[in-house]
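Below, each chain spelled out in residue letters.
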Amino acid sequence: MKHIIESACKQLPNNFPRDLVTRYRLEIERRLSIGIKGARKSGGLDFYLPMADPGESPIAASFVVGEISTEGAPGRFLEAMTSTGGYDPADIDEAPGARREVVAEADAQEGIELASRRVDYVAAVPGDPGRWLTISFSTMGGGDPNDDLSDATVSLFDAIVTTFRWSSE
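Residues numbered from 1 in each chain as written. Predicted model: local features only at pLDDT ≥ 70, side-chain atom pairs only at ≥ 80, totals over all residues. Heavy atoms only, no water.

### Focus: the packing of aromatic side chains
Applicable threshold: Only Phe, Tyr and Trp rings take part, Trp by its six-membered ring, and two of them pair if their centres are within 6.5 Å. Stacked means planes under 30 degrees apart, edge-to-face means over 60, and tilted covers everything else. Helix numbers and strand numbers start at the N terminus; a helix is a DSSP run of H or I with at least 4 residues, a strand a run of E with at least 2. Burial classification: accessible surface area is computed with a 1.4 Å probe over protein chains only, and a residue below 20% of its type maximum counts as buried, one above 50% as exposed, and the rest as partly exposed.
Under the defined criterion, the tally for this structure stands at 5 aromatic pairs. Judged by centre distance (4.6 Å) and plane angle (50°), the rings of Phe 77 and Trp 132 are tilted. With Phe 77 in helix α3 (residues 74-84) and Trp 132 in strand β6 (residues 131-139), this residue pair connects regions lying 55 residues apart in the sequence. The buried category is assigned to Trp 132, whose relative accessible area is 1%. Aromatic rings pair up to connect Phe 63, Tyr 121, Phe 137 and Phe 157 into one cluster.

Here is the structure:
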């Protein structure tokens, strides 16, 4: 987290007021902490953020990889996800799975100031019934979850997930 904050602060202009740099640094730390705590709370194993080179604007997006376990036949879990959970069938490297896309409204009580577009994938872990990989993506786009930047980042995320390949190594 320290590296991310330092990288973001290096992108500020040299004449940026020092007192505002401190506020900026604290705000980035606060937002990252909220994201990381939320990822951990929901069972996240890995938390990914796009990084930008100095002078470039970072993309307001992230994704979390997690794992869940279920009991019973995997087919029943997928059926429940697609019939009542708002998911559509979506295989990942021939493993049965599902995909859902929603717009989440801002929630000031949770410290979430802007609406975001979210895409969730769930895929069965091959050869291990009841074990599922979850990949959850979120973007604010350019400030509107339905703008062109949101569309582009969702397309990029879908490309990442749909080219995922299982390996037993």
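### Here we look at the pairing of strand β5 (residues 116-124)
Under the convention used in this document: Two strands are counted as paired when DSSP detects at least two bridges linking them.
Across the 9 residues that make up β5, a large majority, 8, are buried. Examined bridge by bridge, strand β4 (residues 97-104) and β5 share 8 bridges and lie antiparallel to one another. Across the sheet, residue Arg 99 finds its bridge partner in β5, namely Tyr 121. Of the strand pairs in this sheet, β5 and β6 are connected by 8 bridges, and their pairing is antiparallel. Across the sheet, residue Ala 123 finds its bridge partner in β6, namely Leu 133. Between β5 and β6, which follow one another and run antiparallel, lie 6 residues, and Gly 127 among them has a positive phi close to 75°.

### Regarding the side chain of Thr 134
As a reminder, the rule being used: Two residues form a contact once any of their heavy atoms are found within 4.5 Å.
When you line up the elements, Thr 134 lands in strand β6. If sequence neighbours within four positions are ignored, Thr 134 has contacts with Val 64, Val 65, Gly 66, Glu 67, Ile 68, Tyr 121 and Val 122.

### Details of the environment of Glu 105
Mapping Glu 105 onto the fold places it in the loop between β4 and β5. Accessibility expressed as a relative area gives 60% for Glu 105, which makes it exposed.

### Re the layout of surface pockets
Threshold: Every definition here rests on a 1 Å grid over the protein atoms only: cavities are sets of points where a 1.4 Å probe fits but cannot get out, pockets are open sets enclosed by protein on both sides within 12 Å along at least five of seven lines, and lining residues have some atom within 4 Å of a point. Grid points are joined across faces, edges and corners, and a volume is the space filled by probe spheres set on the points. Ten residue types, Ala, Val, Leu, Ile, Met, Phe, Trp, Tyr, Cys and Pro, are classed as nonpolar, four, Asp, Glu, Lys and Arg, as charged, and the remainder, Gly among them, as polar.
As a volume, the second largest pocket reaches approximately 170 Å³. Taken together, Tyr 48, Leu 49, Pro 50, Ile 59, Ala 61, Ser 62, Phe 63, Phe 137, Thr 153, Leu 156, Phe 157 and Ile 160 make up the lining of the second largest pocket. Elements with a contribution of two residues or more to the lining of the second largest pocket: β2 (61-69) and α4 (148-162). Element by element, the count of residues in the lining of the second largest pocket is highest for α4, at 4 residues. Grouping the constituent residues of the lining of the second largest pocket by class yields 10 nonpolar, 2 polar and no charged.

### Considerations on the pattern of salt bridges
Side-chain pairs of opposite charge can arise where the charged atoms are in close proximity. Let me state the cut-off plainly: When a carboxyl oxygen of Asp or Glu is within 4 Å of a side-chain nitrogen of Lys or Arg, the pair counts as a salt bridge.
The full count for this structure, using the stated rule, is 9 salt bridges. Across the pair Asp 93 and Arg 165 runs a salt bridge whose closest N-O atoms are separated by 3.7 Å. Taken as a pair, Asp 93 in the loop between β3 (88-89) and β4 and Arg 165 in the segment after α4 lie far apart in primary sequence, 72 residues in all. By relative accessible area, Asp 93 is classed as partly exposed at 27%.

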